[in-house]
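# A structural walkthrough
Given next are the chains, with one letter for each unit.
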Amino acid sequence: MFKPQPMQRISLSLLKDDAPQAALLLANFGSFAPEFAEVIPENLPELPGENYRRAYEENRSRLDKILDHFAIAAPLEISTPMQQVTLAQLDELSIWLRQVWAQCSDEQERMRKLRDEHRHTGQLLRALDQFAGLNIDLTRLQKKEGLLDVRVGTLPLANFQRFEEALKLAGYVAIRFFTSAELIHLIIAGAGGQAGGIENVLQAAGWRAMDIPAEFHGQPAQVHRELAGRLKRIDEQTRQEERQRRELAARPDFHARLVDAAQTLARAAPYAELAMQMRGRGNLVTVSGWIPERQLPHLQQMLEKTLPDRFVLAARAPRQDELMLVPSLISHQRWLKPFASLVLNYGVPRYGEVDPTILFAVSFVLMFGMMFGDLGQGAVIALSGLLLRKRLGQYAPLVIAVGLSSSLFGALYGSVFGYESVIPALWMSPLSDPMLMLGVALGWGIGFIALSTLLTIHNRIVDGRLADALLDSHGVAGLLLYAGLLAAAWRAAGGDPPGVAVPLLVCAALAAIFIRTWQRNRDSATGERILIVLVEGFEAIMAYVSNTLSFLRLAAFSLNHVALAIAIFTVGSMLHTAGYWMTVVLGNIFILVLEGAIVAIQALRLEYYEGFSRFFGGDGRPFRPLTLGGARKMAMQD
């Protein structure tokens, strides 16, 4: 529960003909994460499953596209999961899938052309709207006639008056047929021999020529009818194509064949996936990977039952030099799943590293309750989590837990929906002694940081980083430095002199940190090393001080919660009875939603930045076991 499950590195050797059956067995076993074999490639140079993998991937790609084309979902459950799929079956399936995909490709090409034609026709209809006010055969505007210079275009509306006067002087006439907010659309016409003189006028007025689409034949109304009819035909053809596709997808024999193909490929996936890791020579192949230690006897039994006397299974514990490569299998109770999800958002615990999920769950819930202590509002949060548990999914226990914590601290504070005098406080109201609240918050922070540093020391010892565990600023030296700083602050607050032991403790701890920093930067120049040592020593002191002070927000938000309630009651008291109760209700909703969200974020921030960043690497490899269908997801155990 506090660490990933112990793992074993296994190596399974067997006959080549049994490899597909063994792959199915390992996939059904559900707790085997394949890894490249620890063998010299020259000793086992062959990849016996390579052809199988290629055939599988070709079929998989084609089937996925076919299922997507017919909007058919792949089956979630695999029937006859131990039924082996041969390479000959994959080749036979490939022939059928290729034929089906050819048909799908033709349909998709026809649909693509219909969509393009529909889009083009729609654009023509929108362009035709500009010519709706004309009573002229649009074909005539597309032709250049020798005796008459006819042009169609636009110009800025503001330039039209001067442009019209210049046109008259040039012997041209203008016909307006469409006007927008900024542009005016015109047809201008003049004698063909005067075309050269009009160019300067058009350029000065900002004229932009318009092309009349070649599809516009006849009067605008006639063109509109033709285009509308074309759109109708395209829509009908599209519906017909869709109808044919749905009818084919609904045919029982065709649908069953596709589902059967999906089932076949799901059973073929394990051996195809192992093909890259499975090496062999002659009739012998071997495959390696990781399994949970407690599952080893179960795997042994399954192999003996399926492949009696035809396999060799070797298992060993992870070596120290490969701890970073061992996948982490997280194990938690069901109610811890939402907290585990928040931990995994930060990172996966490295193998051997302390899994912080339980510590996170306890401290997060307590910190939320301390900052948002209210018996009534906490009950509302818990009840909401209970009633909305289906919608909240796995996060329902988290909502219920923080609600109960808020109610517990509300009882300690004597606060119910912001009222501080309805029930007697089991402890005290935060506003009655703010200094005590700040002291409690600091005490919580000191304990939190001390525990985090101890976990850091443990994790580094597990990783074999003994020097860092002893001398680093987050190691034993850092913990002693923190103790010295706290002792000095305590004596200073009490007005006592620092004495001899405390300065000696701080100096000794700093000296250890300096030595470790000096060793880590042995490749730097002497002056640079001195600067780094001094900066890191100063940073270590400031980090401990600032991290501890961060926890003052626990007290600050508990005081803020009471202050917000007082503000609401003050506003409500200035209104009549109905207004008072409306203000109280709306104010409580405001506090629940806004302050509740802020407090949750603050608690999460304290966990991530003051806790996880100190001791939790989060750079582990998730355990992704081999499964039927090839979808390897991160595994967690209840």
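Here is what the cut-offs are and how they apply
Per chain, residues are indexed from 1 in the order of the written sequence. In keeping with the model being predicted, local features are shown solely for residues with a pLDDT of at least 70 and side-chain atom pairs are shown and tallied solely at 80 or more, while totals for entire chains, interfaces and linings include all residues. Side-chain measures were taken over the full set of non-hydrogen atoms in the model, leaving aside hydrogen atoms and water. Numbering of helices and strands starts at the N terminus; helices are DSSP runs of H or I of at least 4 residues and strands are runs of E of at least 2. Residue contacts are counted whenever heavy atoms from the two residues lie within 4.5 Å of one another. Burial here depends on accessible area, computed with a 1.4 Å probe over protein chains only, as a share of the maximum for the residue type. Under 20% is buried, over 50% is exposed, and the range in between is partly exposed. What makes a salt bridge here is a side-chain nitrogen of Lys or Arg within 4 Å of a carboxyl oxygen of Asp or Glu, nothing more. Two N or O atoms form a polar contact when they lie within 3.5 Å of each other; inside protein one atom must be a possible hydrogen donor and the other a possible acceptor, and for residues adjacent in sequence the pair counts only when both atoms belong to side chains. Note on scores: pLDDT gives the predictor's confidence for each residue, bounded by 0 and 100. Here an angle of 0 to 180 degrees is reported between the N-to-C directions of two axes, which are lines fitted to C-alpha atoms, with helices fitted over the stretch in contact. It is the rotation of the near helix from the far one that decides the hand of a crossing: anticlockwise by less than a right angle makes it left-handed, clockwise makes it right-handed. Note on residue categories: nonpolar means Ala, Val, Leu, Ile, Met, Phe, Trp, Tyr, Cys or Pro, charged means Asp, Glu, Lys or Arg, and polar means any other residue, Gly included.

### Quick notes on the environment of Thr 238
Considering the arrangement of structural elements, one finds Thr 238 in helix 7 (residues 220-250). Here the alpha-carbon distance between Thr 238 and Glu 182, two residues 56 residues apart in the chain, equals 38 Å. Apart from residues no more than four positions distant in its own chain, Thr 238 is found in contact with Met 111 and Leu 114.

### Considerations on the environment of Arg 632
Considering the arrangement of structural elements, one finds Arg 632 in the loop between strand 12 (621-622) and strand 13 (636-637). Judged by relative accessible area, which is 27%, Arg 632 ranks as partly exposed. In this structure, the C-alpha to C-alpha distance between Arg 632 and Ala 441, residues 191 residues apart in sequence, is 44 Å. Arg 632 has contacts with Ala 33, Pro 34, Glu 273, Arg 624, Pro 625, Leu 626 and Thr 627, leaving out every residue within four places of it along the chain.

### Side note on the pattern of salt bridges
In the structure shown here, the tally under the stated rule is 29 salt bridges. The residue Arg 53 makes a salt bridge to Glu 50 at a minimum N-O spacing of 2.5 Å. Remark: Glu 50 and Arg 53 occur in helix 2 (residues 50-69); sequence separation between them is three residues, near one turn of the helix. Across the pair, exposure class does not vary: Arg 53 and Glu 50 are buried alike. A salt bridge links Asp 116 to Arg 112; the nearest nitrogen and oxygen atoms lie 2.8 Å apart. Of the two residues, Asp 116 and Arg 112 are both situated in helix 3 (residues 87-128); the distance of four residues between them amounts to about one turn of the helix. With a relative accessible area of 27%, Asp 116 lands in the partly exposed category. One network of salt bridges, in which partners are shared, links Arg 460, Arg 465, Asp 468, Asp 472, Arg 516, Arg 520 and Glu 536.

### Points about the side chain of Asp 149
By the secondary structure assignment, Asp 149 is in strand 3 (residues 148-156). Among the polar contacts made by the side chain of Asp 149, one reaches the side chain of Arg 151 at a distance of 3.0 Å. A polar side-chain atom of Asp 149 sits 2.5 Å from a polar atom in the side chain of Tyr 172.

### Regarding the confidence of the model for the protein chain
Summing up the model confidence of the protein chain, the mean pLDDT is 89 and the portion of residues at 70 or higher is 98%. Confidence scores differ between elements of the protein chain, with strand 13 showing the lowest mean pLDDT of 66 and helix 14 (residues 396-413) the highest of 95.

### Points about the packing of helix 1 (residues 19-29) against helix 9 (residues 296-306)
In the contact formed by helix 1 and helix 9, the axes pass within 11 Å of each other and the chain directions differ by 145 degrees. Note on packing geometry: the crossing formed by helix 1 with helix 9 is right-handed. In contact with Gln 21, Leu 25, Leu 26 and Phe 29 of helix 1, helix 9 contributes His 298, Leu 299, Met 302, Leu 303 and Thr 306. Here the contact of helix 1 with helix 9 is composed, by residue class, of six nonpolar, three polar and no charged.

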